[in-house]
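Given next are the chains, with one letter for each unit.
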Amino acid sequence: MTWLEELKPGDQVLVSNRCYAYDKLETVKSVGKKFISLEGWENKTRFRVDGGRGVSGDSYNCSWLHPATEEALNKIEEQKQKLEALGKIEKVNYRKLPLSKLKQILEIIES
């Protein structure tokens, strides 16, 4: 029996899609013989029990289910923090920083 076949309502899973910056944590709503539905996804994709691939959408924009392991959740949290940090860094006007700060930044980048 695969991990998908063992899912039950209330279990948490990860949904990946090439358009997502990181996997999304979702809750299983129901599990049938062929399909898995997620909470809040009533008008969206259902997922196949035999593999975890999303049923709707084209092959380019397909979603997949993955186990919500502690390792995967930690990786998602790290990705979120990295994106947040990059967003803040992008907003910095480096031309207004004093030379001493620019040298410190350069030292970090080059190390």
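Residues numbered from 1 in each chain as written. Predicted model: local features only at pLDDT ≥ 70, side-chain atom pairs only at ≥ 80, totals over all residues. Heavy atoms only, no water.

**Comments concerning the side chain of E26**
Working step 1: Topologically, E26 is positioned in strand β2 (residues 24-31).
Working step 2: In this structure, E26 is buried with no salt-bridge partner, the nearest side chain bearing the opposite charge being K24 at 6.3 Å.
Working step 3: One polar contact links E26 to W41, side chain to side chain, over a distance of 3.4 Å.
Working step 4: In this structure, E26 is in contact with D11, Q12, V13, V15, L38, E39 and W41, ignoring residues within four places of it in sequence. (Helix = DSSP H or I, 4+ residues; strand = E, 2+ residues; numbered from the N terminus. Buried < 20%, exposed > 50% of the residue type's maximum accessible area, 1.4 Å probe, protein only. Lys, Arg positive; Asp, Glu negative; His and termini not counted. Salt bridge = Lys/Arg side-chain N within 4 Å of Asp/Glu carboxyl O. Polar contact = N/O pair within 3.5 Å; in protein donor to acceptor, adjacent residues only side chain to side chain. Contact = heavy atoms within 4.5 Å.)

**Considering the nonpolar core**
Working step 1: Residues L4, L7, V13, V15, V28, I36, L38, W41, F47, V49 and L65 constitute the largest nonpolar core, which totals eleven residues.
Working step 2: Counting only elements with at least two residues in this core, the list comes to β1 (12-17) and β3 (35-38).
Working step 3: Not counting residues up to four positions away in its chain, the partners in contact with V15 are Y20, D23, K24, E26, L38, W41, F47, S63, W64 and L65. (Core = buried A, V, L, I, M, F, W, Y, C linked by side-chain atoms within 4.5 Å.)

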